Amino acid sequence: MSIDTHLSAKIFRYDPTTDTAPRYDTVEVPLQSRMRVLDVLEYAVENCGLGLAFRHFCGVKRCGMCGVNVNGKPVLACWEEATPSMLIEPLANLPVIRDLTVDRSAFERATIELEPRLVRQTPYSSFPEAMTHGEVEESFRLMNCIECYVCSSACPAMPAPQQRDDTPRHNFAGPGSLVQLAKVALHPKDELDRSGLIESAGIENCTWCYRCEEVCPVGIPIVSGAILPLRAIALKTRESVGRDVAAPSGSCESPGNTSPP
Amino acid sequence: MQSSQANRTLETDVVVIGGGSAGVYAALKVQAEGLRVLQIVKGFVGRSGASIFAGNLQLQKTKDPVAEEKFVAVRARYGSSYLNDQDYIKRACRFTEDVFFPEMEARGLYIRRDERGELITSSDRAAGNVWAPNQGFSGTMIMELLRKEVLARKVPLLQETMVTSLVVTEEQVVGVTALDIVRGELIVVRAKAVIIATGPGNYLATRSTATREQCGNGFAMAYRAGAQMQDLEMQWFHASDIAAPKAWMRLHLYPNPMPVTDKTLRLYGTDRTTFFEPAMYPQVKQPYYLQLRRLYNEVKKGNARWHGGFYGGYTHIEPEIMENYSYQTQFFKHLGIDINKELVELGITWHLTFGGIRTDTHTFASSLTGLYAPGGVGSHGVGSITYVAYDGTVAAEQACERARRLTLQPLPEEQVQREQRRLQGRLKVKGEAGLLPAQIKKRIREIMTEKMGYVKSESRMASALDDLSEVRERTLPGMGLGSTSRNWNYDWVEALDAEDMLDVCELTIRSSMQRKESRGYFFREDYPYIDNKNWLKHTVATRVGDDVRFEHTPAVQKFAPPTETDDFLTADY
């Protein structure tokens, strides 16, 4: 096999229901024009006869379901260019179902728990509603997020899925879910106070390492465009709550305002 | 072990199969009507299927009767070469304007605007294309919002679950059988009505715009259950999808006007001279069919090949337009192609099928009682994410109406067991000389690509049927899986796909052999004329035992073609 015309891919294989330990299969694949990692995986099945389990639907960065680790870096298989020597493994931080297929439900659940749907107090008027591009721009910058969770998989602050709970260090929802929350929180027509949700997402766990932005296959400004603005919303609300408490008020004895001993 | 395979039996009022726009609208509607629903998706809601690929959204002008009539006339002429139900187009347009856009915008769909708040369009702000928020991303954004709706409303949902058959008793659908891909469990669902919304696209050729999981399963299960199929030969191709990398065959270079301009994609031959741009044909209202006919001319001249050797270019369009409004631009950049200066090599791609399960467009009922077929899987398809939302809504109303009248019927045990034996029988490891299901699917796609491409003829179609028979008789018996594990065994899914694909491909070819003319995207080199006198008709296929019976029903409507016959390659529709 010539190095110029072929590439070598070492692929993670593991079926937890039948195998005692993971193994790796190596395939030699002839280079195709502008070949992607996804092309290599398809070749491994269709031409090398590997009964390989990997998930993907669209091949063109819309479904967000083909995340894998290539030489240690989390990528979308459809987007990442194939290189001469690749180690292809499942995304980190998620349980392996089989081979490269992982259980993403922890990330998906974290997103849904943040209630990432627009909430209007003012009734919707009619189509098209009044709104300029400038007004929606902050939210617009996040709209191409395809929820692939490559960022959450790469995030060093993410707790392992089995460790996630409501306690401060373990409640971090992760960058992918925060982008979904920010997209609605920054939408000009959203009228829900989301500060409580932002706090419940454990946003303080973010260490501003920007690893999420480095790996994002669609170039979402995750830290600057989602996490920082969310933090600002939470801080602003907290400050205003502080001011209210400091101001003379007859309601300070109402239940919930007293601190537990 | 054998007896423990009927793993789970579920009961519901209405089953919805599919997780695209039609399926989601149907499921949400059934839930809103207060009935029990179970949505079953082979992939994931809003992530698999055709809907995520919706690129352009069409604004309508249904409040102006003259404009509405004109729109329907254009759509009838160019969208379906006069086969489509024209009254349906009108109703779907009204739903788009009155329900879809307001409802989706209320949910947060951002139709792209400018700094003054005006909608970005290419030309006509009242009735033209709009984008959410970029050209090429609209369907993905719509489906993301709908997915969250389904999850937040806790619609009972089975994802990564493949429906394998419709259960029929006394000519009524009374349930479905399914395979839970994650656990390898066989599921039986009893239901009072079934809404099948598996989409218009099928990955039946080497290059296809359909997603990975779309393998004709919806067509195959409906046909086998006895539903009539219609116009399966009316297969659409794209002439302008990227040639390489292979994974990106679904990357479409839109031939419609770009946002904020009337300029469009140009096509160039091997010699790099322009052979197509819509401005060359000012009277024509739709570029897709014409691109293909011009490409055919270039292929004949040796100035293009079907799968390469011709190019698309945006070099005449302002760089800011590409940068600001096109989702696709980042793909060219990622390949190191300067889209403002360079051309991109293209190939032809098998796109959606206009035909499908024969439906009544007022109810979306199929010919099989209890089965409704909204969206692209139906035979009425025009191909629009907004129209199919209408279909799903109406189908759900009808299914609910039926479900309220009925009680759950007992399932025919023998039929369910037969299906379970079929599935179980596919869970076997391949022998030394055998092939994996994915390898057989690849072979089927190669046959379709070689002999059932854009240009058809009687002899090539007959030869394709022979090749498929050989696959069925010689290759399929040796098909086997990499392992018999029940854990996310996609080989097992693909084994079922291979069987479905053979059925659907054969039926498509036989439907194509019926039509002795050319029309729309359907081109027979041996009948290169549009024959409106004899063929303004639907092709209806009914299963009779192991054979198929064809009938032809008239499609003459208000807007009809002006002449009895037309030369296919030069006609303006």
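Residues numbered from 1 in each chain as written. Chains lettered and ligands numbered in written order. Predicted model: local features only at pLDDT ≥ 70, side-chain atom pairs only at ≥ 80, totals over all residues.

## Structural notes on the overall build of chain A
Counted only if it meets this: Under the scheme used here, helices are H or I runs from DSSP no shorter than 4 residues and strands are E runs no shorter than 2 residues, and both carry numbers assigned from the N terminus. Exposed residues have 12 or fewer other C-beta atoms within 10 Å of their own C-beta, buried residues have 20 or more, and residues in between are partly exposed; the C-beta atoms are placed from the backbone.
Across its full length, chain A holds eight helices and seven strands. Reported as C-alpha extents along the three principal axes, the dimensions of chain A are approximately 80 × 50 × 30 Å. Per-residue burial over chain A gives 46% buried out of 261 residues.

## Focus on the overall build of chain B
Inclusion rule: Only C-alpha atoms enter the radius of gyration; for comparison, a globular chain is expected to reach 2.2 Å times N to the power 0.38, where N is the number of residues. Residue pairs are scored as contacts if the distance between their C-beta atoms, which are placed from the backbone, is within 7 Å.
For chain B, the helix and strand inventory stands at 14 helices and 24 strands. Here the C-alpha atoms of chain B give a radius of gyration of 23 Å, agreeing with the 25 Å that 2.2 N^0.38 yields for 573 residues. For chain B, the spread of C-alpha atoms along the three principal axes comes to 65 × 55 × 50 Å. The buried share among the 573 residues of chain B stands at 58%. In chain B, once contacts between residues fewer than 6 apart in sequence are set aside, the share between residues at least 24 apart is 71%.

## Description of helix H9 (residues 385-405) of chain B
To be explicit about the condition: An expected span of 1.5 Å times one less than the residue number is assigned to each helix.
Between its terminal C-alpha atoms H9 of chain B stretches 31 Å, which fits the 30 Å expected from 21 residues at 1.5 Å a residue. Counting buried positions along H9 of chain B yields 15 of 21 residues, so the element is predominantly enclosed.

## Topic: the domain arrangement of chain A
You'll often see interface size given as the accessible area lost when the parts meet. Residues and elements named next belong to chain A. Put simply, the rule is: For the purposes of this description, domain bounds are those given by an automatic or database domain assignment. Amino acids outside the nonpolar list (Ala, Val, Leu, Ile, Met, Phe, Trp, Tyr, Cys, Pro) and the charged list (Asp, Glu, Lys, Arg) are all regarded as polar, and Gly is one of them.
The domains assigned to chain A are domain 1 (6-102) and domain 2 (105-243). Taking only C-alpha atoms, the centre of domain 1 and the centre of domain 2 are 30 Å apart. Listed by partner, the interface residues are 14 residues for domain 1 and 14 residues for domain 2. If one sorts the elements of the side of domain 1 that touches domain 2 by residue count, strand S4 (residues 73-76) sits on top with four residues. Among the residues forming the side of domain 1 that touches domain 2, the class breakdown is eight nonpolar, three polar and three charged.

## Examining the environment of Pro156 of chain B
Residue and element names in this part refer to chain B. Along the chain, Pro156 falls in the loop between helix H4 (138-152) and strand S6 (157-158). In this structure Pro156 comes out as partly exposed when scored by C-beta crowding, with 15 C-beta atoms within 10 Å. Separated by 141 residues in the primary sequence, Pro156 and Val15 place their C-alpha atoms 9.9 Å from one another. When residues no more than four places from it in sequence are discounted, the contact partners of Pro156 are Val37, Leu38 and Gln39.

## Some points on the pairing of strand S3 (residues 67-70) of chain A
Residues and elements named next belong to chain A. Worth spelling out the cut-off: Each pair of strands is called paired provided DSSP finds at least two bridges between the two strands.
Bridge count for S3 against S4 is four bridges, and the pairing is antiparallel. In the sheet register, Gly67 faces S4, and the bridge partner there is Leu76. Two successive antiparallel strands, S3 and S4, enclose a turn made up of two residues, where Asn71 displays a positive phi of approximately 45°. Here two bridges tie S3 to strand S5 (residues 85-89), and the two strands are oriented antiparallel to one another. Within S5, the position partnered with Val70 by the bridge is Ile88.

## Quick look at the packing of helix H2 (residues 105-113) of chain A against helix H5 (residues 175-185) of chain A
Residue and element names in this part refer to chain A. This is how the line gets drawn: For helices, the fitted line uses only the C-alpha atoms of the stretch in contact; every axis is such a line through C-alpha atoms, and the angle between N-to-C directions lies from 0 to 180 degrees. Geometric relationships in this document are graded by angle, where less than 35 degrees denotes roughly parallel, more than 145 denotes roughly antiparallel, 65 to 115 denotes roughly perpendicular, and other angles denote oblique. A clockwise turn of the near helix away from the far one marks a right-handed crossing, whereas an anticlockwise turn of less than a right angle marks a left-handed crossing.
Close contact between H2 and H5 brings their axes to 9 Å; oriented N to C, the two are set at 25°. The orientation of H2 relative to H5 falls into the category roughly parallel. Crossing of H2 over H5 shows right-handed handedness. Seen from H2, the contacting residues are Phe107, Ala110 and Thr111; seen from H5, they are Gly176, Ser177 and Gln180. Considering only residue class, the contact of H2 with H5 consists of two nonpolar, four polar and no charged.

## Things to note about the packing of helix H11 (residues 437-451) of chain B against helix H12 (residues 458-475) of chain B
All names here are of chain B. Orientation of H11 relative to H12, taken along the N-to-C sense of each, is 170°, at an axis distance of 9 Å. The orientation of H11 relative to H12 falls into the category roughly antiparallel. Residues Ile440, Arg443, Ile444, Ile447, Met448 and Lys451 of H11 form the contact with H12, whose own contacting residues are Arg460, Met461, Ser463, Ala464, Asp467, Leu468, Val471 and Thr475. Of the residues that constitute the contact of H11 with H12, the class distribution is eight nonpolar, two polar and four charged.

## Section: the interface of chain A and chain B
With 49 residues of chain A at the contact, the number on the chain B side is 51 residues. Listing elements by their share of the side of chain A that touches chain B, those giving two or more residues are helix H1 (37-46), strand S6 (96-98) and helix H3 (133-140) of chain A. Counted by class, the side of chain A that touches chain B contains 24 nonpolar, 16 polar and nine charged residues.

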